[in-house]
Amino acid sequence: SLEKPLAALNHETRGIILYQIKGGTGFSEIVEKTSYSKSTVSEHLKILEEDQLIKKKVKGRSSQFKLTNETCIAVQRYASKILDLSSDNFIEMWE
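Residues numbered from 1 in each chain as written. Predicted model: local features only at pLDDT ≥ 70, side-chain atom pairs only at ≥ 80, totals over all residues. Heavy atoms only, no water.

Participant: Account for the overall build of the protein, with residues named and values stated.
Facilitator: Each helix and strand counted, the protein has five helices and three strands in total. Reading the helices (α) and strands (β) of the protein from amino to carboxyl end gives α-α-β-α-α-β-β-α. Over its C-alpha atoms the protein spans a radius of gyration of 16 Å, topping by over 25% the 12 Å that the globule rule assigns to 95 residues. Taking the principal axes of the C-alpha coordinates as reference, the protein spans close to 60 × 25 × 20 Å. Relative to its 95 residues, the protein shows a buried fraction of 28%. A total accessible area of about 6,900 Å² is found for the protein, and carbon and sulfur atoms account for 50% of it. Here the protein contributes 14 positively and 13 negatively charged side chains, and the mean placements of these two sets differ by 13 Å. (Helix = DSSP H or I, 4+ residues; strand = E, 2+ residues; numbered from the N terminus. Rg over C-alpha atoms; globule rule 2.2 N^0.38 Å. Buried < 20%, exposed > 50% of the residue type's maximum accessible area, 1.4 Å probe, protein only. Areas by Shrake-Rupley, 256 points an atom, 1.4 Å probe, with all protein chains shown as cover. Lys, Arg positive; Asp, Glu negative; His and termini not counted. Charge placed at Lys NZ, Arg CZ, Asp CG, Glu CD.)

This is the structure:
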């Protein structure tokens, strides 16, 4: 279902965090790249994990996060639909 990934993308903070995770990244990297506080990142990662949009892998004292396959597919489909719609609108504009 596209519902949960799209809801996450429509939430500014979670959308930015999802974008940073893409192929997999650590907690510290997310904090550094987003400039959000550790508590803010932690709170939103917990929500994304509870919604099964990301997977967490603990390595020693650090955590790595990765998008689930379902989230990747949903985001790709959504992006594809947006690009298709944009292309159609652009073509119509010039007809």
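Participant: Got a sec to walk through the pairing of strand 2 (residues 54–59)? Specific residues and values, please.
Facilitator: Sheet topology places strand 2 next to strand 3 (residues 62–67); six bridges connect them, and they run antiparallel. Across the sheet, the residue bridging to Lys 57 is Gln 64, located in strand 3. Linking two consecutive strands that pair antiparallel, namely strand 2 and strand 3, is a turn of two residues; a positive phi of about 65° is found at Gly 60 within it. (Pairing = 2+ DSSP bridges.)

Coordinates in, geometry out; function isn't part of it.
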